[in-house]
Amino acid sequence: MAILEVQNLTKKFGGLIANQDVSMSVEKNSITAVIGPNGAGKTTFFNMITGVYQPTSGTILLESEKLNGLKPHVVSQRGIARTFQNIRLFNEMSVLENVMVGMHTRLKAGLIGILFNLPTIRKEEIASEIEAYQLLEYVGLADFLNEKACNLSYGAQRRLEIARALAVSPKVLLLDEPAAGMNPKETKELTHLIKRMRDEFNLTIILIEHDMKLVMEISEQIFVLDHGEKIAEGRPEDIRNHPKVIEAYLGSGAVHAG
Ligand SMILES: Nc1ncnc2c1ncn2[C@@H]1O[C@H](COP(=O)(O)OP(=O)(O)OP(=O)(O)O)[C@@H](O)[C@H]1O
């Protein structure tokens, strides 16, 4: 069953067409990759799904409900969380606080509760602290709870972003270049983490990634964008030797070169 349906999505920035008529159907509980050369339109595609940009035309459906026109925080409440290509953490806040920020959108006590320091707030706070700790343990950061986010290694910051995204209890998790800047050991651990998250949180995961080894190893389905258009889709074995994909990455002539 498809959890996310994207139909004929187009995004124009003035005269530049960043996405042109892109359609995708993503199965529930699957791991899907969106790949393509630099500037192909991958992040723009994520930005439309998450409400950062409104599409020029086309439709985005989550469990058959339209997401067009919704603000990013509402899209997040509907069940789509993401991480960013350029890590966006609260650098001066602790690791634990960064994850707790991710939870605030679904806390029930509300503004009145916070203003009047109601007991419900304290209860929620304790519960969210415990949950945040468990998420940090899950991504391997339990030893760094009180560390400032900016003091973490690059790979650890990427895992913290993942923990923060998980804190909103998403149905769909979008990862924008999760392995960027990671060493081979960290990338291997990330590969395991992505698979575990899908299985244990019953998640649907869509990732943009340039590390083809990672992509080929974990994706069940791959979509390829080039110059804003979808040029191929299929299983890793279909994509690996797809002439249009080889041409997009290596330039025209590569396919015929032998
Ligand atoms: N806000 C914007 N205003 C104008 N042009 C934009 C904007 N955002 C993206 N673009 C342009 O849209 C095109 C697609 O960019 P996008 O960042 O989506 O590509 P990408 O595939 O994610 O690239 P990369 O792999 O390098 O991150 C690029 O030409 C980019 O310059």
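It should be noted that the structure appears before, not after, this text.
Here we summarise the structure given alongside this text. For every chain, the first residue of the written sequence is number 1, and numbering continues from 1 onward in sequence order. pLDDT decides what is reported in this predicted model: residues at 70 or higher carry local features, side-chain atom pairs at 80 or more are listed and counted, and totals for whole chains, interfaces and linings draw on all residues regardless. In computing side-chain properties, one takes all heavy atoms of the structure into account and sets aside hydrogens as well as water.

The next point concerns the site of the ligand. Near residues are defined by distance, with any heavy atom within 4 Å of the molecule or strand qualifying the residue. In the vicinity of the ligand lie 15 residues, with Gly39, Gly41, Lys42, Thr43 and Thr44 positioned nearest. A distance of 2.9 Å separates an oxygen atom of the ligand from a polar atom in the side chain of Gln85. Each polar contact in these results corresponds to two N or O atoms within 3.5 Å; when the atoms are within protein, one needs to be able to donate a hydrogen and the other to accept it, and residues that are neighboring in sequence are counted only if both atoms are side-chain atoms. A distance of 3.1 Å separates an oxygen atom of the ligand from a polar atom in the side chain of His210. Secondary structure elements with two or more residues in the shell around the ligand: strand E2 (16-27) and helix H1 (42-49). Under the DSSP-based scheme used, a helix requires at least four consecutive residues in state H or I and a strand at least two consecutive residues in state E, with every element numbered from the N terminus.

What follows concerns the pattern of salt bridges. Salt bridge criterion: a side-chain nitrogen from Lys or Arg within 4 Å of a carboxyl oxygen from Asp or Glu. As enumerated under the stated definition, the model contains 13 salt bridges in all. Between Asp176 and Arg82 there is a salt bridge, with its nearest N and O atoms 4.0 Å apart. Residue Asp176 is located in strand E7 (residues 172-176), and its partner Arg82 is located in strand E6 (residues 80-82); the two are separated by 94 residues in the primary sequence. Of the two residues, Asp176 and Arg82, neither departs from the other in class, the shared state being buried. A salt bridge links Glu233 to Lys230, with the shortest nitrogen-to-oxygen separation between them at 2.6 Å. In this structure, a network of salt bridges that share partners links the residues Arg198, Asp199 and Glu220. Under the scheme applied here, a residue whose accessible area is under 20% of the maximum for its type counts as buried, over 50% as exposed, and between as partly exposed, the area being computed with a 1.4 Å probe on protein chains only.

Each Phe, Tyr or Trp ring, with Trp reduced to its six-membered ring, pairs with another whose centre is within 6.5 Å; inter-plane angles below 30 degrees give stacked pairs, above 60 give edge-to-face pairs, and intermediate values give tilted ones. Under the criterion given, the structure shown has 2 aromatic pairs. Plain terms: the ring middles of Phe13 and Tyr53 are 5.2 Å apart, the flat faces sit at 75° to each other, and that makes the pair edge-to-face. You can see Phe13 sitting in strand E1 (residues 2-13) and its partner Tyr53 sitting in the loop between H1 and strand E4 (57-62), a full 40 residues away along the chain. Phe13 sits in the partly exposed class, given a relative accessible area of 36%. A centroid spacing of 4.9 Å and a plane angle of 85° characterise the contact between Tyr138 and Phe201, whose relative ring orientation is edge-to-face. Taken as a pair, Tyr138 in helix H5 (residues 119-138) and Phe201 in the loop between helix H7 (184-200) and strand E8 (204-208) lie far apart in primary sequence, 63 residues in all. On the basis of relative accessible area, Phe201 is assigned to the partly exposed category, the value being 33%.

Our next topic: the pairing of E2. The two faces of the sheet receive side chains in turn, since in a regular strand these alternate between them. Pairing geometry for E1 and E2, over 8 bridges, is antiparallel. The residue of E2 that forms the bridge with Leu9 is Val22. Here, strands pair whenever DSSP counts at least two bridges between them. Hairpin connection between E1 and E2: a loop of 2 residues separates the two successive antiparallel strands, and Gly14 in this loop has a positive phi of roughly 60°.

Glancing now at the packing of helix H6 (residues 154-166) against H7. Closest axis-to-axis distance for the H6/H7 pair is 11 Å, and the angle between their directions is 10°. Between H6 and H7, the angle is such that the two are roughly parallel. Together, Gly155, Arg159, Ile162 and Leu166 of H6 and Glu186, Leu190, Leu193 and Met197 of H7 make up the contact between the two elements. Considering only residue class, the contact of H6 with H7 consists of 5 nonpolar, 1 polar and 2 charged. With axes taken as lines fitted to C-alpha atoms, and helix axes fitted only over the stretch in contact, angles between N-to-C directions fall between 0 and 180 degrees. If an angle is under 35 degrees, it is roughly parallel; if it is over 145, roughly antiparallel; if it lies from 65 to 115, roughly perpendicular; otherwise it is oblique. A contact between two residues is defined here by any heavy atoms of the two lying within 4.5 Å. Residue polarity is assigned by list, with Asp, Glu, Lys and Arg as charged and Ala, Val, Leu, Ile, Met, Phe, Trp, Tyr, Cys and Pro as nonpolar; anything else, Gly included, falls into the polar class.

Another aspect to go through is H6. For H6, which comprises 13 residues, the first-to-last C-alpha distance of 19 Å matches the rise-based estimate of 18 Å (1.5 Å per residue) to within 8%. Among the 13 residues that make up H6, 12 are buried, leaving the element largely enclosed by the rest of the structure. Those residues of H6 that sit buried are Gly155, Ala156, Gln157, Arg158, Arg159, Leu160, Glu161, Ile162, Ala163, Arg164, Ala165 and Leu166. In this analysis, the expected span of each helix is defined as 1.5 Å times one less than the number of residues it contains.

What follows covers the sheet that holds strand E9 (residues 221-226). Strand order in the open sheet formed by 6 strands is E6-E7-E8-E3-E9-E10, with mixed pairing between adjacent strands. Strands with a single pairing partner mark the edges of an open sheet, and in this sheet they are E6 and strand E10 (229-234). Each strand of the sheet is rotated relative to its neighbour by a mean of 20°, with strand direction disregarded. Taken together, the 3 bridges between E6 and E7 define a ladder with parallel strand orientation. Paired with Ile80 across the two strands is Val172, which belongs to E7. Running over the sheet, helix H10 (residues 243-250) touches strand E3 (31-35), E9 and E10 and is turned about 130° from E10.

As a further point, take the nonpolar core. In summary, soluble globular proteins display a tendency toward joint burial of nonpolar side chains. Grouping buried Ala, Val, Leu, Ile, Met, Phe, Trp, Tyr and Cys residues that are joined through side-chain atoms within 4.5 Å yields what is termed a nonpolar core. Counting residues in hydrophobic clusters, the biggest one holds 50 residues, and the most contacted among them are Val99, Leu136, Leu160, Leu173, Met197 and Ile205. The leading source of residues in this core is H6, at 6 residues. For this core, the two domains that each supply at least three residues are domain 1 (2-79 + 170-250) and domain 2 (90-157). In this structure Leu173 touches Ala81, Arg82, Ala165, Leu166, Met197, Leu203, Thr204, Ile205 and Ile206, once residues within four positions along its chain are discounted. Phe45, Ile80, Val172 and Ile206 belong to the second-largest nonpolar core, a separate cluster that totals 25 residues. In this entry, domain limits derive from an automatic or database-based domain assignment.

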